[in-house]
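Examination of the molecular architecture
So you can see what is in the structure, the chains are spelled out below.
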Amino acid sequence: MSEIDMAVIKPEMMKPYIWLETSDGSIQQVEQEIAMYCPLICQEIIQKGMGSSKSCAICLPQRVSPVTLSLILDYCRFHQVPGRSNKERKSYDEKFIRMDTKRLCELTSAADSLQLKPLVDLTSRALARIIEGKSPEEIREIFHLPDDLTEEEKLEPLKNTTDDPRIRLLNRLYAKKRKELRERERLKNVEVEEEHVDERSVDDLLSFINGNDGDPKEVKTSKNKKKNRRKKEQQQKNSSLKEASEVNKVEVNGQSIRHQSAEADRIAETSNSHTEDVFAHREFDDGDIDDGIDPALKEKIDREVEDFARRLNSDWPERMQELLSSGQERKMMLFTPNGNSFLRRNA
Amino acid sequence: MEQPPDTTTNLFDHLSKELLYTILDHLNDDPFARKSLSQSCKSFHALEATHRTSLKPRRLEFLLPKTLHRYRSISHLDLTLCPCVDDATLKSLSLAWHSSLRSIDLSKSRLFSHVGLSALAVNCTCLVEIDLSNRPDLTDLAAKAIAEAVNLERLCLGRCKGITDLGIGCVAVRCSRLRHVGLRWCIRVTDFGVGLIAIKCKEIRSLDLSYLPITEKCLHHILQLEHLEDLVLEHCLGIEDHGLATLQASCKSMKMLNLSKCQNIGHIGIASLTSGAHNLEKLILSSSLSVTTDLAKCLQSFPRLRSVKLDSCLGTKSGLKAIGNLGASLKELNLSKCVGVTDENLPFLVQTHKDLEKLDITCCHTITHASISSLTNSCLRITSLRMESCSLVSREGFLFIGRCQLLEELDVTDTEIDDQGLQSISRCTKLSCLKLGICLMITDDGLKHIASSCSKLKHLDLYRSSRITDEGIVAAALGCPSLEVVNIAYNNNITDTSLESFSKCQKLELLKSEGALVFHQRVSQILLPSVSISRCWT
């Protein structure tokens, strides 16, 4: 045992260099103490006895190219020297990571494969710093990312902590746009059933009018959740006799539901008060009334609208008129440079 | 030189998913960056969703099925910005995140009932933390529903005035792993309920029983908890010296005791409560009793005492002096609004507690520059000094403050500090919070001194400091790029020029400018949307 230890130690002392082979097959000689700074290489040397000669060079991971290896060895050569101050090390690190983004990504990946954690931390923070303060478009350009997100995923509402009426308006327009996109998708994928309250409501209505009994489980669920709706549906069935009339009323109710949704959006914009959900709930319950909005509900909506107008510190009718008159122009502006500036500001 | 970009290769293809998660973690301070990254391409949109574990939606609509579907691994859910959470919502989210949800904050939600809580408790078997504060309408049915979350470790029921001993009993019997319980203002919970908690939940580490109608009867059980570290008994008027004298138990593990506003407890009661508590580090006695030599003797028993709060107490001359003779060396001392603090006893205090790091002498109206001189000579490690409304400290007194080079927080609101004082204070280059409200002697010159030296400043308060103009604000904005909170309310000399300069402060979160002559529309154009502008004149 003692003799074996001597045998192992002696070659290392005689040979301060080890052999490394990169993925392209090239082999080079490196100072052992520098290479040992990499945990992976250290393991290969100590546990497997590799690297002592050219014929048994250490095979490095695929992600380590000769250029990247050179950079990593420069990093190790600096940091394995004892006695350097933290300030010196920090200064070196700052200069070290000044490289183009592509090389920085390659270096991060290679350092990770060699388990060189300090360098991984350094490079991943550098990448994070590149991303900070950038818009999605800028990030896409810098890192050559594909522009494959759907329009719906991009149209997330902007933050409105400043209570800016224009941002509020923009959020409403975004909501409208998202709705249009959703309807478009629904037309394309008629067979796909989405778990949306509106969708379920329409389906329930159609199922009831057509007289089809779904599977007992579904019927049971519907019964438990919407007792009021069931009563109203019953009334409607009693009041109608002709299929053509039923079809017409389905359309009317469809429009009514859409109209109700629009009203719900407006209420949602006016306040975050506790009445928001109450209104929404009630609207769905009253969704199948075919003579328009419930008078009591309409009164409450008007009250909310008045409150909203007061909070905007402007007269509501004038506001609406302004919106209608400039709606077309504004809509065009939103998705040209002005819209981009909003998004950039948000980012 | 940067090479020509290779437009066909996604640079992030080189990086493993773990590395991408690491980069996302480095972006945690910047929610905009995470958002931008998630919106750059489809794979990052998915990556951000799988990696996100905490969620704080701004509107209830964000909890629609789309969000529930997108984020599959939410463990911390903060609903404090969603007042309209109801039972149906709780049920939906408990089903969506049934295997991941560990913590939920419902302290600002008003519409749910015990039905929603029951769904939450039954479905989310990993739930360990829940905050139901501010729901005076909840009853014992809600507490019983909560009790079904048998893995709970942290429960906050502050201001749930409808919950009684019965509900607390249900929780105590079933949630035996509780460690942190908050029952502040649960005014229908008595000794019985609290006693059950103490008997059944043996892992308790912190207990907040403020404003409860409890007596020493439950304290007997509480003090037998072997792991109890923090005990808050603020305004528990049913606890008196007479009852405390009969206590036999002692709690060796206690580190923090809060007896604020307990006017019926004196030094005898404190001695009983803390007998055997040799590890006590923090004692809060705000608005409770007179600081006497007897109290100081009582505090001699705690060699590890680090923090004492005596704000709004009545201090006797000898009592405050006796605080200086404690065996322990204090790091934190609060004498705010403490009658009796004078130039006779404060210098003695600070000379004997040289390790002091935080001192609060707000509204100690009788001290002068002599105390400040003594303080800055003795306590060189001080990091926080609050001396709002110390109106007798002359301008010379503030020159001494510059000696404290480790100072991070300074509050000199409503004092006689002038530009020379600010010049001296600018030597404290580690300053991160500076409050100069109602400082009528300071001008732009003083503010420029601060701006040129204190680049780490995060909080700047110039409320009603009426001689400050745009010139000083611009200098501050340029010299302190890390500003997060700025208050320039009611400063008539500040205009849009100041606001334009703040657009350089990327981390600005809150700008208070009530009564300032700025224009709302320009504010929106200049500053980031995250800046909160309140009541600007337009």
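Residues numbered from 1 in each chain as written. Chains lettered and ligands numbered in written order. Predicted model: local features only at pLDDT ≥ 70, side-chain atom pairs only at ≥ 80, totals over all residues. Heavy atoms only, no water.

Chain B is annotated in an unreviewed UniProt entry as F-box/LRR-repeat protein 15-like leucin rich repeat domain-containing protein from Glycine max.

Looking at an unreviewed UniProt entry, one finds chain A named SKP1 component dimerisation domain-containing protein and attributed to Glycine max. Listed under Subcellular location (unreviewed entry) in UniProt, the entry text for chain A is "Nucleus". (UniProt positions renumbered as here; feature names shortened; annotations may be inferred.)

**Observations concerning the environment of E137 of chain A**
All names here are of chain A. Structurally, the position occupied by E137 is in helix 8 (residues 136-143). Since its relative accessible area comes to 40%, E137 is described here as partly exposed. Placed 10 residues apart in sequence, E137 and D147 show a C-alpha to C-alpha distance of 8.7 Å. (Helix = DSSP H or I, 4+ residues; strand = E, 2+ residues; numbered from the N terminus. Buried < 20%, exposed > 50% of the residue type's maximum accessible area, 1.4 Å probe, protein only.)

**Section: the packing of aromatic side chains**
Counted according to the given criterion, the structure contains five aromatic pairs over all chains. Ring geometry for F78 of chain A and Y92 of chain A: centres 4.0 Å apart, planes at 5°, overall stacked. One end of the pair, F78 of chain A, is in helix 4 (residues 66-79); the other, Y92 of chain A, is in helix 5 (residues 86-96), with 14 residues separating them in the sequence. When the ring of W185 of chain B is compared with that of Y211 of chain B, the centres are 4.1 Å apart and the planes differ by 15°; the resulting orientation is stacked. (Phe/Tyr/Trp six-rings, centres within 6.5 Å; stacked < 30°, edge-to-face > 60°.)

**What about the sheet that holds strand 2 (residues 27-31) of chain A?**
Residues and elements named next belong to chain A. Taken together, the three strands give an open sheet; going across it, the order is 2-1-3, and neighbouring strands pair in mixed fashion. Since the sheet does not close on itself, it has two edges, and those belong to strand 2 and strand 3 (58-59), each with one partner. Bridge count for strand 1 (residues 17-21) against strand 2 is five bridges, and the pairing is antiparallel. Along strand 2, the bridge assignment pairs L20 with Q28. (Pairing = 2+ DSSP bridges.)

**Structural notes on the nonpolar core**
If you look at the biggest cluster of nonpolar residues, it comprises 151 residues, and the most contacted ones within it are I222 and F502 of chain B. By size, the runner-up hydrophobic cluster in this structure holds 50 residues, among which are I34, L73 and I139 of chain A together with F44 of chain B. (Core = buried A, V, L, I, M, F, W, Y, C linked by side-chain atoms within 4.5 Å.)

**Overview of the side chain of S253 of chain B**
Residue position: S253 of chain B is located in the loop between helix 11 (241-244) and strand 9 (256-258). Here S253 of chain B is in contact with L225, E226, H227, L228 and E229 of chain B, once residues within four sequence places are set aside. (Contact = heavy atoms within 4.5 Å.)

**Concerning the state of the cysteines**
Here, disulfide denotes a covalent bond that connects the sulfur atoms of two cysteines. Residues and elements named next belong to chain B. Applying the stated criterion across every chain yields a total of zero disulfides over all chains. The thiol sulfur of C364 is not disulfide-bonded, and the nearest other cysteine sulfur, from C390, lies at 5.7 Å. Assessed through its relative accessible area of 3%, C364 is described here as buried. (Disulfide = S-S within 2.5 Å.)

**Quick notes on the side chain of H353 of chain B**
Residues and elements named next belong to chain B. Tracing the backbone shows H353 in the loop between helix 15 (346-352) and strand 15 (358-360). A relative accessible area of 1% means that H353 is categorised as buried. Of the polar contacts made by the side chain of H353, one reaches the backbone oxygen of I323; its length is 3.0 Å. Leaving out residues up to four positions away in the same chain, H353 has contacts with I323, G324, L326, A328, S329, L330 and C379. (Polar contact = N/O pair within 3.5 Å; in protein donor to acceptor, adjacent residues only side chain to side chain.)

**Section: the pattern of salt bridges**
For the coordinates displayed, the defined rule picks out 14 salt bridges over all chains. Two residues, K102 of chain A and E106 of chain A, come together in a salt bridge whose shortest N-O distance is 3.0 Å. With K102 of chain A and E106 of chain A both in helix 6 (residues 101-113) and four residues apart, the pair spans about one turn of that helix. Between E471 of chain B and K448 of chain B there is a salt bridge, with its nearest N and O atoms 2.4 Å apart. One end of the pair, E471 of chain B, is in helix 20 (residues 470-479); the other, K448 of chain B, is in helix 19 (residues 444-453), and 23 residues separate them in sequence. Under the relative-accessibility criterion, E471 of chain B is labelled partly exposed at 46%. (Salt bridge = Lys/Arg side-chain N within 4 Å of Asp/Glu carboxyl O.)

**Digging into the environment of L233 of chain B**
Residue and element names in this part refer to chain B. Along the chain, the position of L233 falls in the loop between strand 8 (230-232) and helix 11. Sequence spacing of L233 and L212 is 21 residues, and the spatial spacing of their C-alpha atoms is 8.2 Å. Once you skip the residues sitting within four places of it in the chain, L233 turns out to touch L209, I214, L219, I239, N258, L259, S260, C262 and L273.

**Digging into helix 2 (residues 31-38) of chain B**
In terms of burial, helix 2 of chain B is a largely internal element, six of the eight residues being buried. For helix 2 of chain B, the complete set of buried residues consists of F32, A33, R34, S36, L37 and S38 of chain B.

**As for unusual backbone geometry**
All names here are of chain B. One non-glycine residue, S287, adopts positive backbone phi at about 50°. Along the chain, S287 turns up in the loop between strand 10 (282-284) and strand 11 (290-291). One non-glycine residue with positive phi stands out, namely S312, at about 65°. One can find S312 in the loop between strand 12 (307-309) and strand 13 (314-315).

**A closer look at helix 6 of chain A**
A rise of 1.5 Å per residue sets the reference length of helix 6 of chain A, with its 13 residues, at 18 Å; its end C-alpha atoms lie 19 Å apart and thus fit the reference within 8%. Listing the buried residues of helix 6 of chain A in full gives T101, L104, C105, L107, T108, S109, A110, A111 and S113 of chain A. Of the surrounding elements, those touching the buried residues of helix 6 of chain A are helix 3 (39-48), helix 4, helix 5, helix 7 (117-131) and helix 8 of chain A together with helix 1 (17-26) of chain B. Q115 of chain A, located one to two residues past helix 6 of chain A, shows a positive phi value of around 60°. (Expected span 1.5 Å × (residues − 1).)

**Some words on the packing of helix 4 of chain A against helix 5 of chain A**
Residues and elements named next belong to chain A. Between helix 4 and helix 5, whose axes approach to 11 Å, the crossing angle comes to 170°. In this view, helix 4 runs roughly antiparallel relative to helix 5, as classed from their interaxial angle. Here L71, D74, Y75, F78 and H79 of helix 4 come into contact with helix 5, specifically with E88, R89, Y92, D93 and F96. Counted by class, the contact of helix 4 with helix 5 contains five nonpolar, one polar and four charged residues. (Axes fitted to C-alpha atoms, helices over the stretch in contact; angles between N-to-C directions. Parallel < 35°, antiparallel > 145°, perpendicular 65-115°, else oblique. Nonpolar A, V, L, I, M, F, W, Y, C, P; charged D, E, K, R; others polar.)

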